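Chain residues, written in single-letter form:
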Amino acid sequence: MSIYFVTHIRHSVTVFSGPAKRRFFSWLSNVFSRHSYSIVKLHNVSPVLPVLDRISKPQYVIDGIVPPKLPWFDIKNEEEITGMKDACRLARKILNVAANEIKVGMTTDELDRIVHQACMDNNAYPSPLLYRGFPKSICTSVNNVACHGIPDSRELESGDIINVDVTVYYNGFHGDVNETYPVGPVDEAGLRLIDAAKASCDAGIAACGPGEKFSSIGKAIEQKASSLGFSVIPNICGHGIGRYFHGADILHYDNTEDRMMQEGMTFTVEPVISEGSTQVCVMNDNWTAGSLDNSRSAAFEHTLLITSQGVDVLTRK
């Protein structure tokens, strides 16, 4: 599986396989080895964790079939909006649990186990688990990993930055949120990157409201990131969300999308902001998207509801 099978990554990117991929990443490692942070490589992935029988599971887990994405943004009724709010509130609660556990020396696999158990305790299914075969309950993207990092045996190091992406399936609805955190003392450039990612996400959210064009989101994000000296990775998108995990795409760069936001729509805004190259390549696990030059990226994500008055950030702290 290559990058264009991952639901909210768009456009063509460099994709290598087999010996060519190994030679390419070896070359990158040698060329870009002088960093104030560690370059993340793939480590051992533990077996899939079991899910309690009483936990309601999304259909793609039951039958192994991921339905095609809706080409439009559906309008939620009151009952569906309540379901979305409940799922998003729980996603935020569980992300906060994970954030409080992050520390030097723990593995991302340990963090995954914490989130998995929190989902079980709250009668929720961790949406990423077995979605298109993804083997873990969260995505953990560290340093040079832009997105979709699989939790593994690598220990977090002082100076790392880590994005933790939590999505839960609760009472028939998905709630999606992510944030980037420093691990121990982080250099000033890394902290600026995290701040820029948050500011860029906030700019995209501020552009939302009934009657606004979806293109205004990407324009606002790109303008904010650029003004702060950073770039948007264009391949990674937001998406519609609801009873389905991934719906129509939300572009995070300046674009000409002319569809309008309407009251009752729900979708995510989740720009990934880079301090270097905006190109990514999927690693040998067919999920982890790393930057071509090993530069770091950071991201923040919220699930949003368009209201008659503007926008409601369903996953806000």
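### Some points on the overall build of the chain
Piece 1. Within the chain one finds six helices and 15 strands.
Piece 2. Relative to its full complement of 317 residues, the chain shows a buried share of 57%.
Piece 3. Here the analysis covers contacts within the chain between residues at least 6 apart in sequence; of these, 75% occur between residues at least 24 apart.
Piece 4. Carbon and sulfur atoms make up 50% of the accessible area of the chain, which totals about 13,200 Å².

### Notes on the environment of Met 283
Piece 1. By the secondary structure assignment, Met 283 is in the loop between β11 (280-282) and β12 (289-291).
Piece 2. The buried category is assigned to Met 283, whose relative accessible area is 7%.
Piece 3. Separated by 138 residues in the primary sequence, Met 283 and Val 145 place their C-alpha atoms 9.7 Å from one another.

### What to know about empty space enclosed by the protein
Piece 1. Applying the stated criterion across every chain, the model contains three cavities of 30 Å³ or more.
Piece 2. Approximately 120 Å³ is the volume found for the second largest cavity.
Piece 3. In terms of lining residues, the second largest cavity is bounded by 15 residues, among which Val 40, Lys 41, Thr 140, Ile 150 and Asp 152 are the most central.

### Section: helix α3 (residues 78-101)
Piece 1. Spanning 24 residues, α3 covers 35 Å between terminal C-alpha atoms, matching the ideal 34 Å at 1.5 Å per step.
Piece 2. Residues of α3 that are buried include every one of Glu 80, Ile 81, Gly 83, Met 84, Ala 87, Cys 88, Leu 90, Ala 91, Arg 92, Ile 94, Leu 95 and Ala 98, and no others.
Piece 3. Buried positions along α3 lie against α4 (108-121), β4 (161-170), β5 (173-182), β9 (266-269) and β14 (302-306).
Piece 4. N-capping of α3 is provided by Asn 77, with a side-chain oxygen placed 3.1 Å from the backbone N of Glu 79.

### Brief notes about the confidence of the model for the chain
Piece 1. Per-residue confidence for the chain gives a mean pLDDT of 92; residues scoring 70 or more make up 89%.
Piece 2. Confidence scores differ between elements of the chain, with helix α1 (residues 18-31) showing the lowest mean pLDDT of 52 and strand β1 (residues 125-126) the highest of 99.
Piece 3. Here residues 1-7 scores under 50 on pLDDT; set against residues more than four positions off or in separate chains, the count is 17 contacts.
Piece 4. Contacts from residues 10-16, a stretch scored under 50 in pLDDT, to residues over four places away or in other chains number 20 contacts.

### Some words on the packing of aromatic side chains
Piece 1. As enumerated under the stated definition, the model contains seven aromatic pairs in all.
Piece 2. Geometrically, the ring pair formed by Tyr 60 and Tyr 131 is edge-to-face, given 5.0 Å between the ring centres and 80° between the ring planes. Pair noted here: Tyr 60 is in helix α2 (residues 59-63) and Tyr 131 is in the loop between β1 and β2 (139-142), with a separation of 71 residues, a long-range link.
Piece 3. For Tyr 60, a relative accessible area of 7% translates into the label buried.

### As for the nonpolar core
If you look at soluble globular proteins, the nonpolar side chains tend to sit buried side by side.
Piece 1. If you look at the biggest cluster of nonpolar residues, it comprises 31 residues, and the most contacted ones within it are Ile 94, Ile 102, Leu 111, Ile 162, Val 164, Val 166 and Val 168.
Piece 2. Broken down by secondary-structure element, the contributors of at least two residues to this core are α3, α4, β4 and β5.
Piece 3. Look past the residues within four positions of Val 164 in its chain and what remains in contact with it is Leu 95, Ala 98, Ile 102, Leu 111, Ile 138, Cys 139, Val 177, Asn 178, Glu 179 and Tyr 181.
Piece 4. In this structure, Ile 161, Leu 193, Ile 205 and Val 269 belong to the second largest nonpolar core, which totals 28 residues.

### Describing the sheet that holds β9
Piece 1. One open sheet holds the three strands; their spatial order is β9-β14-β15, and the pairing between them is antiparallel. Each edge of the open sheet carries a strand with a single partner, namely β9 and β15 (311-313). Put simply, the sheet's adjacent strands are angled 35° from each other on average, direction ignored.
Piece 2. Summarising the sheet, β9 and β14 pair through four bridges and their orientation is antiparallel. Opposite Phe 267, over in β14, you have Leu 304 as the bridge partner.
Piece 3. Packed on one face of the sheet, α3 meets β9, β14 and β15 and runs near 160° to β14.

Rules used throughout
- Each chain has its residues counted from 1, following the order in which its sequence is written.
- For a predicted model such as this one, the threshold for reporting local features is a pLDDT of at least 70, and the threshold for listing and counting side-chain atom pairs is 80 or more; totals across whole chains, interfaces and linings nevertheless cover every residue.
- Note that the side-chain values use all heavy atoms of the structure and ignore hydrogens as well as water.
- The helix count covers DSSP runs of H or I at least four residues long, the strand count covers runs of E at least two residues long, and both are numbered beginning at the N terminus.
- Under the scheme applied here, a residue whose accessible area is under 20% of the maximum for its type counts as buried, over 50% as exposed, and between as partly exposed, the area being computed with a 1.4 Å probe on protein chains only.
- Residues count as neighbours in contact if any of their non-hydrogen atoms are within 4.5 Å of one another.
- The protein chains shown are the only cover counted for residues, whose accessible areas, like all others here, come from Shrake-Rupley with a 1.4 Å probe.
- Definitions used throughout: a 1 Å grid over protein atoms alone; a cavity as a set of points that fits a 1.4 Å probe which cannot get out; a pocket as an open set with protein on both sides within 12 Å along at least five of seven lines; a lining residue as one with an atom within 4 Å of a point.
- Grid points are joined across faces, edges and corners, and a volume is the space filled by probe spheres set on the points.
- Here a helix's expected span is defined as the number of its residues, less one, multiplied by 1.5 Å.
- Pairing of N or O atoms within 3.5 Å defines a polar contact, subject to two protein rules: one partner must be a possible hydrogen donor and the other a possible acceptor, and residues neighboring in sequence count only if both atoms are side-chain atoms.
- Think of pLDDT as the predictor's per-residue confidence, scored from 0 to 100.
- Planes of paired rings set the category: under 30 degrees apart is stacked, over 60 is edge-to-face and the rest tilted, where pairs are Phe, Tyr or Trp rings (Trp by its six-membered ring) whose centres lie within 6.5 Å.
- Buried residues of nine kinds, namely Ala, Val, Leu, Ile, Met, Phe, Trp, Tyr and Cys, make up a nonpolar core once their side-chain atoms join them within 4.5 Å.
- Following DSSP output, two strands are said to pair if at least two bridges run between them.
- The axes used here are C-alpha line fits, helices contributing only the stretch in contact, and every angle between their N-to-C directions lies in the interval 0 to 180 degrees.

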